[in-house]
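# Chain and residue survey
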Amino acid sequence: MTDAATPAVEVRPLSQTKDIRGWLRVPHAIYGDDPHWVAPLDFFERRRIDPRNPFFRFADAEFFVAYRDGRPVGRISAQVNRRHLEQHRDNTGHFGFFDVPDDGTVADALLDAARDWLAARGMTRMAGPFSLSVNEECGLLVEGFGKRAAVMVPQSAPWQSGLLERRGFSGIADLLEFHHDPEASLSSFQWATDRIAKQARVTVRRFDRARLDSELDLMLDIFNAGWRTNWGFVPLSRAEVDYGVGSLRPLFRDEFGAFVMVDGKEAGFSLVLPDINAVIKTFRGRLFPFNVLRLLAAFLFRRIRSSRLVLFGLRPEFQSGSPGGLSVIALWLAILRDFPKVCPQWNAPGGEKGIIYYVWVLKQNRPLVRLLTGFFGGPVKTYRVYAREM
């Protein structure tokens, strides 16, 4: 709560270089004392809000920073995603980057700014956090605090859900995160390995880095076809993938991706990336001039201990029945088998022990949740997407 002696809150859109600096500093002010927080890299954060980001070819957005006594104390984005509106026709605008202190005045000022911006563009409903879309960071952490976040996963504080709920927001979807300890050896899944070996219809092949462009095109075709009927789906474009991957393309390795084949046809895929958050934790958001060399060395010498399943999909015709179930298991076994190649130092002495992150499993997808729980135990974290009528 504030009183007459508390300086007023001023909310400004990003219109000046100093405002961008404030935008980047907000997470440090809010989460800097949390030992589990990993500062996002300023270089990539600037790229996300850069007008050249392909996201802005089909979306409009504004980014707001709250100041108190001249210091940045909170931030939020507001965006109208035309692809979402075409797909769902729900007149919903989105908010994201909901990074606020435990202060209702700051949260209210930012939510009001986002609401007013969306309402001025004809939106009647407000949902989020999406930073910037459902294909990027989404949801607010509501269960599972006290563990380090994986790369490209939102980081939140325990009070932030309450600040939304007091403004009339309610949860519309829960997204679950599972952790797989690779020390649970392949022998634990021997029954699945034996069953797949008897099914000549189902096989697995790795990505071929020599023809990475065509492999990415195939992956996107499967993803957009397989996820079309899922909650919140918005098509993912090749331009978005290329922009996100950026300078990391030369570091891509065959074992990062796998296709499951049914009767010789690519039926599904998985894309796994090393989890750089353990490496960049000490960078404090700074990549240049020397931290970029440390990050490259971690990639080149394979010092990253954990990995994250970034994308996963099956064509619609393989999402049920025996081939579909075996295809999912075959991809998970491929991820597990390739983990020592992706993260060969996962269990080396010193440092945190490596794990595989499975993130954003829709809670209402009960068959998948049961399967993952059977394999890896219950979910470790829960992220919630909120909405309210405006």
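In case you missed it, the structure is sitting above this.
Below is a summary of the structure that appears in this document. Within every chain, residues take consecutive numbers counted from 1 along the sequence as written. Predicted model: local features are reported for residues with pLDDT of at least 70 only, side-chain atom pairs are reported and counted for 80 or more only, and whole-chain, interface and lining totals are derived from all residues. To obtain the side-chain values, all non-hydrogen atoms of the structure were included, while hydrogens and water were left out.

Quick look at the packing of helix α7 (residues 212-226) against helix α8 (residues 238-245) now. The interhelical angle for the contact between α7 and α8, taken along N-to-C directions, is 125°, at an axis separation of 10 Å. The angle between α7 and α8 falls in the class oblique. Viewed along their axes, α7 and α8 form a crossing whose handedness is right-handed. The segment α7 lies against α8, with Asp213, Leu216, Asp217 and Leu220 engaging Arg238, Val241 and Asp242. A fitted line through C-alpha atoms represents every axis, and for helices the fit uses only the stretch in contact; the resulting angles, taken between N-to-C directions, go from 0 to 180 degrees. A run of H or I in DSSP counts as a helix once it spans at least four residues, and a run of E counts as a strand once it spans at least two, with each numbered from the N terminus. Note on angle classes: values under 35 degrees are labelled roughly parallel, values over 145 roughly antiparallel, values of 65 to 115 roughly perpendicular, and the remainder oblique. Helix crossings are classified by the rotation of the near helix relative to the far one: an anticlockwise turn of less than a right angle makes the crossing left-handed, while a clockwise turn makes it right-handed. Here a residue-residue contact requires only that any non-hydrogen atoms of the pair lie within 4.5 Å.

What follows covers the side chain of Glu266. Summarising the element assignment, Glu266 is placed in strand β12 (residues 265-274). A polar contact is formed between the side chain of Glu266 and the side chain of Arg205, at a distance of 3.1 Å. Those residues in contact with Glu266, other than ones at most four positions away along the chain, are Arg205, Leu218, Ile222, Phe259, Val260, Met261 and Arg315. For this analysis, a polar contact is any N or O atom pair within 3.5 Å, provided that within protein one partner can donate a hydrogen and the other can accept it, and provided that sequence-adjacent residues contribute only side-chain to side-chain pairs.

What follows concerns the pattern of salt bridges. Any carboxyl oxygen of Asp or Glu within 4 Å of a side-chain nitrogen of Lys or Arg constitutes a salt bridge here. Applying the stated criterion across every chain yields a total of 35 salt bridges. Arg25 is the salt-bridge partner of Asp42, the closest N and O atoms lying 2.7 Å from each other. Of this pair, Asp42 sits in helix α2 (residues 42-49) while Arg25 is found in helix α1 (residues 17-31), placing the two residues 17 residues apart along the sequence. For each residue, the accessible area found with a 1.4 Å probe, counting protein chains only, is set against the maximum for its type, and the residue is called buried under 20%, exposed over 50%, and partly exposed in between. Assessed through its relative accessible area of 32%, Arg25 is described here as partly exposed. Among the salt bridges present, the one from Arg82 reaches Asp60, with a minimum N-O distance of 3.0 Å. You can see Arg82 sitting in helix α3 (residues 82-88) and its partner Asp60 sitting in strand β2 (residues 59-68), a full 22 residues away along the chain. Taken together, the shared-partner salt bridges connect Asp108, Asp112, Arg115, Asp116, Arg166 and Arg167 into one network.

Each pair of aromatic rings is reported with the distance of its centres and the angle of its planes. The criterion for an aromatic pair is that two Phe, Tyr or Trp rings (for Trp, the six-membered ring) have centres within 6.5 Å, with stacked assigned to planes under 30 degrees apart, edge-to-face to planes over 60 apart and tilted to the rest. Under the counting rule described, the total for this entry stands at 19 aromatic pairs. Ring centres of Phe43 and Phe44 lie 5.1 Å apart, and the angle between their planes is 80°; on these two criteria the pair is classed as edge-to-face. Whether a charge sits over a ring depends on NZ of Lys or CZ of Arg being within 6 Å of the ring centre and within 35 degrees of the ring normal. Against the face of Trp23 rests Arg75, its NZ or CZ located 4.5 Å from the ring centre. Lying over the aromatic face of Phe58, Arg83 brings its terminal NZ or CZ to 3.9 Å of the ring centre.

All right, on to α7 then. Note on helix geometry: an α-helix contains 3.6 residues per turn, so any two residues three or four positions apart are oriented the same way. The first and last C-alpha atoms of α7 sit 21 Å apart over 15 residues, in line with the 21 Å expected at 1.5 Å per residue. Those residues of α7 that fall on the buried side of the exposure criterion are Leu212, Glu215, Leu216, Leu218, Met219, Leu220, Ile222, Phe223, Asn224 and Gly226. Lining the buried residues of α7 we find β10 (202-206), α8, β11 (257-262), β12 and β13 (307-314). Here the expected length of a helix is defined as 1.5 Å per residue gap, with one fewer gap than residues.

Take unusual backbone geometry next. The omega torsion of the bond from Gly128 to Pro129 falls at 0°, within 30 degrees of zero and hence cis. Along the chain, Pro129 turns up in the loop between β5 (125-128) and β6 (130-131). For the bond from Ser131 to Leu132, the omega torsion is 10°, close enough to zero to count as cis. If you trace the backbone, Leu132 turns up in the loop between β6 and β7 (137-138).

Side chains of Phe290, Leu293, Leu296, Leu300 and Phe301 sit close together on the surface and give an oily, nonpolar patch of about 550 Å² of accessible area. Structurally, Phe290 is set in the loop between α9 (277-280) and α10 (291-300). Judged by relative accessible area, Phe290 falls into the exposed class, the value being 57%. Candidate patch residues must exceed 30% relative accessible area and have no salt bridge, after which like charges are joined if within 9 Å and Val, Leu, Ile, Met, Phe, Trp or Tyr side chains if within 5 Å. Values of accessible area rely on a 1.4 Å probe in the Shrake-Rupley scheme; residue burial ignores everything except the protein chains shown.

Of all the residues in helix α12 (residues 366-376), the buried ones are Val369, Leu372, Phe375 and Phe376. When α12 is viewed along its axis, its buried side chains cluster within an angular range of 130° and face the same direction. Structural note: α12 exposes Arg366, Pro367, Arg370 and Gly374 on the side pointing more than 90 degrees away from its buried face. With its phi angle positive at about 90°, Gly377 sits one or two positions after the end of α12. Along the arc lie the directions from the helix axis toward the C-beta atoms.

Relative to the elements of secondary structure, Glu10 occurs in strand β1 (residues 9-13). Residue classification places Glu10 among the partly exposed residues on the basis of a relative accessible area of 40%. For Glu10 and Arg384, which are 374 residues apart along the polypeptide, the C-alpha to C-alpha distance reads 28 Å. Reaching out from Glu10, the side chain makes a polar contact with the side chain of Arg12 at a distance of 3.3 Å.

Of note, Asp275 is situated in the loop between β12 and α9. By relative accessible area, Asp275 is classed as buried at 1%. Within polar-contact distance, the side chain of Asp275 engages the side chain of Arg148 at 2.9 Å. Side-chain polar atoms of Asp275 contact the backbone nitrogen of Val151, separated by 2.8 Å. Each residue touching Asp275, except ones within four places of it in the same chain, is listed here: Arg148, Ala150, Val151, Ile304, Ser306, Ser307 and Tyr357.

Summarising the element assignment, Gln79 is placed in strand β3 (residues 71-81). When its relative accessible area of 0% is taken as the criterion, Gln79 is described as buried. Sequence-distant contacts of Gln79, defined by excluding residues within four places in its chain, comprise Phe55, Asp60, Ala61, Gly93, His94, Phe95, Gly96, Trp117, Leu118, Phe130 and Leu132. Of the polar contacts made by the side chain of Gln79, one reaches the side chain of Ser77; its length is 2.8 Å. Polar side-chain contacts of Gln79 include one of 2.6 Å to the backbone oxygen of Phe130.

Everything listed is a geometric property; what it means functionally is a separate question.
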